[in-house]
Amino acid sequence: MDKFVINGRNKLYGEISVSGAKNAAVAIIPAVVLADEPCVIENLPKIKDVSVILSILKHMGAEVTFIDGDESRVRIDPTGITSHKVTCDKLVGDMRASYYLLGALLGKFGKALVPFPGGCSFCERPINLHLKAFETLGAACNILPTHIELMSDKLEGRQIYFDVVSVGATMNAMLAAVKVPGKTVIDRAAKEPHIVDLANFLNSMGANIKGAGTDVIKIRGVERLHSCTYSIIPDQIEAGTYMAAVAAAGGNVLIKDVIPEHLDSITAKLRDTGTIVEEYDEAVRVIREDELKSCNVKTMPHPGFPTDMQPQFVALLSTAHGRSRVMECVWESRFSYIPQLRKMGADIIENGNIAHIYGKQDLCGAKVHALDLRAGAAMVIAALAAYGTTEISDIRYIERGYEKIIEKLSSIGADIRRVTYKENVDE
Ligand code: UD1
């Protein structure tokens, strides 16, 4: 087993580059299933979730080749995928986004049989809205003991209305509808940058999708999708995590290869804490010299403050001067990591979906766990700001979503290393 060992209080200086967006990549890769020809995808992040979804596609019969051995550029030939059944249960259970295979296979074959998805389980994650979208298009959905089965005689373009804004259900509805005859309208669609990225990718293959990034997405079904070369957008949450890390540790870092508009809500809240954020065409500079000020944060679907930045901000605000309030409005509960922050001295009281944070500057190192991907990122941020040494175990969660996190943070002056240890010996 490996853990991160971080000695805190080093200020961060220099430049850091952001990788391709995880949540776009894990939808775009399954979308290739819909094409009749090979596609090339560039700016892929080198993270566990991407290697798992590529392995699933290979298992299904796709040919997957890294171009010139570069893991950020992959050619996927889906023509060998001839069955609607996904049989690699273990791989599918390793990640949440494997549910995109439902929409992609339904769109390609008119039916799908996919094992239950896994992934970060910070709270219950239903898929009723995904199934509602498939049913609206004409599919019958059966929940089997270990699999989800979708069947259809004939799919037809229809109006899909979501009563909760869901990223995954919006993406799955797009995947299922893109080749369905007629016009599909998705009402109350999610507007996250990766929704727009998936639509742009599908349109590059010949789809006819309009309105992605607004509340209403309109799709005219096309008969076939062809090859394309497509570059994935930068990861908004990876960028936001490094912005929060610089704010927590102090320093001055240029965060490159980002789309600053995607970071607007994060930038606004960092500015509330007294952190300076300068915006350039494809970079942001984060400067934190003075004591951090408290602020209030409420998570919302895009363009609101992203829930996937909530744990990192709670960690950051634990080190700010004064009382902050963070309200989680996307997930029913997403505060299970707070006891880990308390081990480091954070003073936080939870009340339902609100965390009251009484900020202080003297967090201290402790032995903590990464409970999930973003909770793990929060531990890293707290550790960078804390006095002494923090050991973070269960780092496999962090590595699901952050490419080369040790190398990137070390390059700007963090004292972070990976240590292998024997389970039950020092834990
Ligand atoms: C995606 C992200 C995840 C992020 C979340 C919200 C991926 C792989 N994951 O997850 O990191 O935290 O968006 O930005 O992209 N809901 C239902 N029924 C459903 C689906 C969702 O009630 O069928 C509810 C959820 O319980 C939640 C809300 O809708 O309260 C938003 O969830 P959703 O946007 O669907 O999250 P995911 O797409 O699973």
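In this text the structure is predicted, and so the values were computed from the model without any measurement. (Residues numbered from 1 in each chain as written. Predicted model: local features only at pLDDT ≥ 70, side-chain atom pairs only at ≥ 80, totals over all residues. Heavy atoms only, no water.)

Examining the overall build of the protein
Short version of the rule: Secondary structure counts use DSSP, requiring at least four H or I residues in a row for a helix and at least two E residues in a row for a strand, with both numbered from the N terminus. The globule rule used here is 2.2 Å times the number of residues to the 0.38 power, and the radius of gyration it is set against is calculated over C-alpha atoms. Whether a residue is buried, partly exposed or exposed follows from its accessible area with a 1.4 Å probe, protein chains only, as a fraction of its type maximum: under 20%, in between, or over 50%, in that order. Throughout, a contact is declared for two residues whenever any of their heavy atoms are within 4.5 Å. Only the protein chains shown count as covering a residue, and every accessible area follows the Shrake-Rupley method with a 1.4 Å probe.
Assigned secondary structure in the protein consists of 14 helices and 23 strands. For the protein, the C-alpha radius of gyration of 21 Å lies close to 22 Å, the compact-globule estimate for 427 residues. With respect to the three principal axes, the spread of C-alpha positions in the protein is 65 × 45 × 40 Å. Relative to its 427 residues, the protein shows a buried fraction of 57%. Within the protein, residue pairs in contact and separated by at least 24 positions form 73% of the contacts whose partners lie at least 6 positions apart. Carbon together with sulfur atoms contributes 47% to the accessible area of the protein, which is approximately 16,500 Å² in total.

Let's talk about the packing of aromatic side chains
When we look at a pair of aromatic rings, we describe it by the centre distance and by the angle of the planes. Applicable threshold: Any pair of Phe, Tyr and Trp rings, taking the six-membered ring for Trp, is counted once the centres come within 6.5 Å. Such a pair is stacked with planes under 30 degrees apart, edge-to-face with planes over 60 apart, and tilted for the rest. Only when the NZ atom of a Lys or the CZ atom of an Arg is both within 6 Å of the ring centre and within 35 degrees of the ring normal do we say a charge sits over the ring.
Under the counting rule described, the total for this entry stands at three aromatic pairs. Ring geometry for Phe201 and Tyr230: centres 5.6 Å apart, planes at 70°, overall edge-to-face. Taken together, the residues Phe201 in helix α7 (residues 193-204) and Tyr230 in strand β13 (residues 229-231) connect sequence positions 29 residues apart. Judged on exposure class, the residue Phe201 and its partner Tyr230 are both buried. Geometrically, the ring pair formed by Phe305 and Phe313 is edge-to-face, given 4.9 Å between the ring centres and 75° between the ring planes. Residues Phe305 and Phe313 agree in their burial class; the two are buried. Positioned above the aromatic ring of Tyr421 is the side chain of Lys3, whose terminal nitrogen or guanidinium carbon lies 4.9 Å from the ring centre. One cation-aromatic arrangement involves Arg9 over Tyr387; the distance from NZ or CZ to the ring centre is 4.2 Å.

Description of the site of the ligand
Selection criterion: Note on definitions. A residue lies near a molecule or strand when any single heavy atom of the residue is within 4 Å of it. Residues adjacent in sequence count toward polar contacts only when both atoms are side-chain atoms; beyond that, a polar contact is any pair of N or O atoms within 3.5 Å, and within protein one must be able to donate a hydrogen and the other to accept it.
Not every one of the 18 residues close to the ligand is listed here, only the nearest: Asn128, Leu129, Ser166, Asp308 and Val330. In the model, an oxygen atom of the ligand is placed 2.7 Å from a nitrogen or oxygen of the Gly168 main chain. In the model, an oxygen atom of the ligand is placed 2.5 Å from a nitrogen or oxygen of the Asp308 side chain. Contact with the protein chains covers 88% of the free accessible surface of the ligand, which is 730 Å².

Some thoughts on the domain arrangement of the protein
Note the cut-off: What fixes the domain bounds is an automatic or database domain assignment. Put simply, buried area is the surface a 1.4 Å probe can reach on two separate parts but cannot reach once they are joined, added for both. By definition here, a salt bridge exists when the distance from a side-chain nitrogen of Lys or Arg to a carboxyl oxygen of Asp or Glu is within 4 Å.
We note that the domain assignment places domain 1 (2-19 + 234-420) and domain 2 (22-231) within the protein. Centre-to-centre separation of domain 1 and domain 2, based on C-alpha positions: 30 Å. Of the residues lining the interface, 22 residues belong to domain 1; the matching set on domain 2 comes to 19 residues. A combined buried area of about 1,800 Å² lies between domain 1 and domain 2, and 57% of that area is made up of carbon and sulfur atoms. Ranking the residues of domain 1 by area buried against domain 2 places His302, Trp331 and Arg400 at the top, with a combined share of 37%. The interface formed by domain 1 and domain 2 contains two salt bridges. Of the charged contacts in the structure, one is a salt bridge between Arg400 and Asp49, with a shortest N-O distance of 2.8 Å.

A look at the packing of helix α1 (residues 22-31) against α7
The condition is simple: Comment: axis = line fitted to C-alpha atoms, over the contacting stretch for helices; angle = value between 0 and 180 degrees taken between N-to-C directions. Orientation categories follow fixed angle ranges, with anything under 35 degrees roughly parallel, anything over 145 roughly antiparallel, 65 to 115 roughly perpendicular, and all other angles oblique. Here a crossing is taken to be left-handed if its near helix is turned anticlockwise relative to the far helix by less than a right angle, and right-handed if that turn runs clockwise. Ten residue types, Ala, Val, Leu, Ile, Met, Phe, Trp, Tyr, Cys and Pro, are classed as nonpolar, four, Asp, Glu, Lys and Arg, as charged, and the remainder, Gly among them, as polar.
One way to put it is that α1 packs onto α7 with a least axis distance of 9 Å and a crossing angle of 25°. Our classification of the angle between α1 and α7 gives roughly parallel. α7 is crossed by α1, and the crossing has right-handed handedness. Of the residues in α7, those in contact with Asn23, Ala24, Ala27, Ile28 and Ala31 of α1 are His194, Asp197, Leu198, Phe201 and Leu202. Among the residues forming the contact of α1 with α7, the class breakdown is seven nonpolar, two polar and one charged.

A look at helix α2 (residues 48-60)
For an α-helix the count is 3.6 residues per turn, leaving residues at separations of three or four pointing the same way. In plain terms, the rule: To estimate how far a helix should extend, the number of its residues minus one is multiplied by 1.5 Å.
An ideal rise of 1.5 Å per residue puts 18 Å on 13 residues; α2 measures up with 18 Å between its terminal C-alpha atoms. Where α2 is concerned, the buried positions are Asp49, Val50, Val52, Ile53, Leu54, Ile56, Leu57 and Met60. Structurally, α2 contributes buried residues whose contacts are with α1, β4 (63-67), β5 (70-77), α3 (89-92) and α4 (100-109). One or two steps after α2, the chain reaches Gly61, where phi turns positive at roughly 120°.

So, the sheet that holds β13
Applied cut-off: Pairing between strands is defined by DSSP: at least two bridges between them are needed.
Read from one edge to the other, the open sheet built from four strands follows the order β4-β5-β3-β13, with strand pairing classed as mixed. At either margin of the open sheet sits one strand with a lone partner, and together these are β4 and β13. This sheet shows a mean twist of 25° between the axes of neighbouring strands, independent of strand direction. Of the pairings in the sheet, the one linking β4 to β5 comprises five bridges and is antiparallel in character. Looking across to β5, one finds that Val64 is bridged to Ile76. Of the strands in this sheet, β3 (39-42) and β13 touch α7, which is tilted by about 165° from β13.

Comments concerning the sheet that holds strand β1 (residues 2-7)
Strand order across the open sheet formed by four strands is β21-β22-β1-β23, with mixed pairing between neighbours. Of all strands in the sheet, those with a lone pairing partner are β21 (367-369) and β23 (415-420), marking the two edges. Strand after strand, the sheet turns through a mean of 25° between neighbouring axes, direction not considered. Its contacts with the sheet place helix α12 (residues 373-385) against β1, β21 and β22 (389-393), and it is angled at close to 30° to β1.

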